[in-house]
Amino acid sequence: MNQQERIELGKLVGRVADFVEQFPHRSADTIPFDLIGSVLYKPLLVGLVSARLTGSRLSTSLFLNTFKWRLSIEQCSFGTQSIGVHQEEVTPATLLLEAGIAMTPPTTQANARAAYTLIRYGDYFDQLRANDCKNLVLPIECIEMESRLKTQISEELSLGISFLLMKRYLGVLHIADVSHAIVHNFVQLKSRKNKKRPDFCCLVQDRLCFVESKGRVTSVASAIKQGLEQLASVESISIPPYQHHYLIATHFAFENGKVPTTTHIVDPTFENDQPKSVDAVAQLIRLSYAKAFRYAHRDDLADSLVRGKNLDIDNFDLTENDFKAIGFDPFGNLMLISSEVLGQLRDNNISSLLSLIEPRQFSQLNKIVLSNGIALRIPT
């Protein structure tokens, strides 16, 4: 697919979204693609719209009900010492949206494992709610699964928890994959012999911190030890490092278990400093938003961000209050971005996006809004 075709697809997605809202009861086969725009991408769009028009939807409970788990904020200095324990809660839809974006690479099309996090784990939370369970745990059916499958489930769900807590407690807004930061030459491995590396690099204002996410159904002690080694294996080349780096490890409990699901945030402080590069800071922010655009099936916009090109504002046909549509989640629910954030990305005014955006500024009754201005419309 060339660039012009990507642009055409982006415009068409916006028109289809608008059409679906006007005629919600029509089947995908009856949508007049020839009237909306080109029929070039009809097979792809039929799949997207079918999810929107059929019963293949997220249950409302995933957006309205919250699940609780325990958070332990710790420091790592001559042993691990707990300095705070809190009770957290989150709606499943928010958690799974964060996990889906976390698993989506900025430079290639999202694979099914990332894009369908909502589908794969949505039923888990429906089962828990049906059993009147209000805790963030794995359903009892998972106990009999093979250990590798349980590890995969815990790792994927832990990514959503890590993204969520980075924004709630650590002052982090923009999150990129370390592997892509290395490719773009603002992060490097300290030793070529040691290939271990943390998952993410993030901006706290204009400084770089590294974050490793772990998820387990057994003890997280060994995972914490391994994660600390990964955090110490990389360094910033051109962005001054933040004074803290973080390991976020979640031990998932099972339904009816005696021990609650607990997330540990461990802070092993590394001291270092590097000259500041405005270009590297801006590129990290672009990679962060590219993950979200890619998750919404907008490869054209993600490519523009990764390559440092300006976004074409004409790609955004559908406007809803202070948001513009960018695509769909796997269920066909509309994904949007704040018009304010979009304007800064369009004008390449990246430095203005360093400050945290308070979600209440974007509070909307019919949307889940993340702190970076990305939103998901709640199905009705």
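No experiment lies behind these values; they were computed from the predicted model shown. (Residues numbered from 1 in each chain as written. Predicted model: local features only at pLDDT ≥ 70, side-chain atom pairs only at ≥ 80, totals over all residues. Heavy atoms only, no water.)

### Some thoughts on the packing of helix α7 (residues 117-130) against helix α8 (residues 147-169)
Inference 1: Viewed as axis vectors pointing N to C, α7 and α8 meet at an angle of 95°, and their least axial separation amounts to 12 Å. Classed by the angle they form, the pair α7 and α8 counts as roughly perpendicular. Contacts between α7 and α8 pair Arg120, Tyr121 and Tyr124 from the former with Gln152, Ile153, Glu156 and Leu157 from the latter.
Inference 2: Grouping the constituent residues of the contact of α7 with α8 by class yields four nonpolar, one polar and two charged. (Axes fitted to C-alpha atoms, helices over the stretch in contact; angles between N-to-C directions. Helix = DSSP H or I, 4+ residues; strand = E, 2+ residues; numbered from the N terminus. Parallel < 35°, antiparallel > 145°, perpendicular 65-115°, else oblique. Contact = heavy atoms within 4.5 Å. Nonpolar A, V, L, I, M, F, W, Y, C, P; charged D, E, K, R; others polar.)

### Considerations on the pattern of salt bridges
Inference 1: If you walk through the whole model with that rule in mind, you get 12 salt bridges.
Inference 2: Residue Lys196 is joined to Glu229 by a salt bridge in which the shortest nitrogen-to-oxygen separation is 3.6 Å. Of this pair, Lys196 sits in the loop between β4 (187-189) and β5 (200-204) while Glu229 sits in helix α10 (residues 221-231); the two residues are 33 residues apart in sequence, bridging distant segments of the chain.
Inference 3: With its nearest N and O atoms 3.2 Å apart, the salt bridge here joins Lys214 to Glu212.
Inference 4: By relative accessible area, Glu212 is classed as buried at 2%. (Salt bridge = Lys/Arg side-chain N within 4 Å of Asp/Glu carboxyl O. Buried < 20%, exposed > 50% of the residue type's maximum accessible area, 1.4 Å probe, protein only.)

### Points about the side chain of Thr263
Inference 1: Residue placement: Thr263 occurs in strand β9 (residues 262-267).
Inference 2: Here Thr250 takes part through its side chain, which lies 2.8 Å from a polar atom of the side chain of Thr263.
Inference 3: Not counting chain neighbours up to four residues away, the residues in contact with Thr263 comprise Trp69, Arg70, Leu71, Ser72, Ile161, Leu165, Ile248, Ala249 and Thr250. (Polar contact = N/O pair within 3.5 Å; in protein donor to acceptor, adjacent residues only side chain to side chain.)

### What to know about unusual backbone geometry
Inference 1: Even without glycine at this site, Gln205 takes up a positive phi of about 60°.
Inference 2: When you line up the elements, Gln205 lands in the loop between β5 and β6 (207-216).

### Concerning the pairing of strand β8 (residues 246-251)
Inference 1: β8 sits mainly inside the fold: six of its six residues count as buried.
Inference 2: Across five bridges, β8 lies against β9 in antiparallel orientation. Within β9, the position partnered with Ile248 by the bridge is Ile265. (Pairing = 2+ DSSP bridges.)

### Observations concerning helix α5 (residues 92-102)
Owing to its 3.6 residues per turn, the α-helix aligns residues three or four sequence positions apart on the same side.
Inference 1: The buried fraction of α5 is high, at 11 of 11 residues.
Inference 2: Listing the buried residues of α5 in full gives Pro92, Ala93, Thr94, Leu95, Leu96, Leu97, Glu98, Ala99, Gly100, Ile101 and Ala102.

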